[in-house]
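Observations on the three-dimensional arrangement
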Amino acid sequence: MENNFENIQKLWQAQKPVEFDLTELMAGLKKTEAKQRREVISMLIITPLTIGFLFWSMPWRESQGIEISLYIIAFAMIWVLGMAFRSKVAKNDSSERFTNEEYLKTQIKKLNYRYEIAQKYMYVYTFFLLLALNICYYILLEPLNALLRIGIHLALTVVVGGFMHWQIRKKVKKYDKDLKPMIEQMEGMLEKKDGFLS
């Protein structure tokens with residue numbers, strides 16, 4: 001028994017200490033939470049205003065196609081807003097509700113979900129947006145000849161798709177810089193904790 005204890009002690013002393021800057025981590029989470037709150041508030045304002053403006057300005061009562069395209073845009077915007085709500089990190093002062101391990105796992109899950117939104121779901125949103133815009137333009141541009149309409153559809157798809165792709169890549173790079181180090185630090189904390197327990 002004594003030998004086992006000495007072996008564990010030697011092993012413990014031989015391990016390199018893993019330094020975690022907890023203050024920096026909490027400051028990063030607080031900054032992320034504040035940024036997310038601003039994003040959600042702006043989305044709560046912009047989403048209904050955009051949907052309202054589209055239904056007010058477009059002749060949706062005259063065309064079922066335009067009406068469907070507006071419903072697609074409304075659905076896509078509300079869907080993205082819902083995902084933004086689900087990915088909000090918990091407030092830093094909520095530690096009373098969680099154990100440290102649960103708190104870390106919750107924050108990691110939420111931050112990873114933000115990555116998933118940017119890397120995958122924003123492309124789905126782009127698809128819905130392009131589908132709705134092309135349906136709408138197909139009807140609105142009906143008086144033009146077929147070749148010109150095809151050209152406008154292709155140009156619209158390339159410009160909007162390209163712009164959205166650029167914005168998504170920009171967002172993912174920002175997450176790589178801001179969120180990834182926090183995720184890795186919290187995962188390291190969990191691994192360190194698991195190492196102590198095993």
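Above this text you will find the structure in question.
A few points on the structure. (Residues numbered from 1 in each chain as written. Predicted model: local features only at pLDDT ≥ 70, side-chain atom pairs only at ≥ 80, totals over all residues. Heavy atoms only, no water.)

1. A few points about the overall build of the protein chain
Each helix and strand in the protein chain was counted, giving 5 helices and 0 strands. Element order for the protein chain, N to C, with α for helix and β for strand: α-α-α-α-α. Counted over contacts in the protein chain with a minimum sequence separation of 6, partners at least 24 positions apart contribute 78%. A total accessible area of about 13400 Å² is found for the protein chain, and carbon and sulfur atoms account for 63% of it. (Helix = DSSP H or I, 4+ residues; strand = E, 2+ residues; numbered from the N terminus. Contact = heavy atoms within 4.5 Å. Areas by Shrake-Rupley, 256 points an atom, 1.4 Å probe, with all protein chains shown as cover.)

2. Examining the environment of methionine 189
Mapped onto the elements, methionine 189 comes out in helix H5 (residues 146-197). On the basis of relative accessibility, which here comes to 15%, the residue methionine 189 falls in the buried class. Along the sequence, methionine 189 and glutamate 101 sit 88 residues apart, while their C-alpha atoms lie 8.9 Å from each other. (Buried < 20%, exposed > 50% of the residue type's maximum accessible area, 1.4 Å probe, protein only.)

3. What about the packing of helix H3 (residues 64-86) against helix H4 (residues 100-140)?
The geometry of H3 relative to H4 is characterised by a closest axis approach of 9 Å and an angle of 170° between their N-to-C directions. By the criterion of interaxial angle, the relationship of H3 to H4 is roughly antiparallel. (Axes fitted to C-alpha atoms, helices over the stretch in contact; angles between N-to-C directions. Parallel < 35°, antiparallel > 145°, perpendicular 65-115°, else oblique.)

4. As for a nonpolar patch on the surface
Together, Ile41, Ile45, Ile46 and Leu49 line one region of the surface with nonpolar side chains, adding up to about 390 Å² of accessible area. Take isoleucine 41: it is sitting in helix H2 (residues 22-57). Assessed through its relative accessible area of 44%, isoleucine 41 is described here as partly exposed. (Patch = residues over 30% accessible without salt bridge, like charges linked within 9 Å, V, L, I, M, F, W, Y side chains within 5 Å. Salt bridge = Lys/Arg side-chain N within 4 Å of Asp/Glu carboxyl O.)

5. Structural notes on H4
The terminal C-alpha atoms of H4 lie 57 Å apart, and with 41 residues this matches the ideal 60 Å at 1.5 Å per residue to within 8%. At tyrosine 121, H4 shows its largest kink, close to 40°. (Expected span 1.5 Å × (residues − 1). Bend = angle between axes of the 7 residues up to and from the residue.)

6. A short note on the environment of tyrosine 137
Along the polypeptide, tyrosine 137 turns up in helix H4. Sequence separation between tyrosine 137 and isoleucine 66 is 71 residues, and the spatial gap between their C-alpha atoms is 8.5 Å. Those residues in contact with tyrosine 137 that sit more than four places away from it in its chain are His153 and Leu156.

7. Let's talk about the packing of aromatic side chains
The tally for this structure, following the rule as stated, stands at 10 aromatic pairs. When the centroid spacing of 5.8 Å and the interplanar angle of 85° are considered together, the rings of tryptophan 79 and tyrosine 121 count as edge-to-face. Taken together, the residues span a long stretch of sequence, with tryptophan 79 in helix H3 and tyrosine 121 in helix H4 at a distance of 42 residues. For tryptophan 79, a relative accessible area of 25% puts it in the partly exposed group. When the ring of phenylalanine 127 is compared with that of phenylalanine 128, the centres are 5.9 Å apart and the planes differ by 55°; the resulting orientation is tilted. Residue phenylalanine 127 is classed as exposed on the basis of its relative accessible area, which comes to 52%. The class for phenylalanine 128 is partly exposed, based on a relative accessible area of 22%. An aromatic cluster of at least three residues, connected via ring pairs, comprises Phe75, Trp79, Tyr113, Tyr121, Phe127 and Phe128. (Phe/Tyr/Trp six-rings, centres within 6.5 Å; stacked < 30°, edge-to-face > 60°.)

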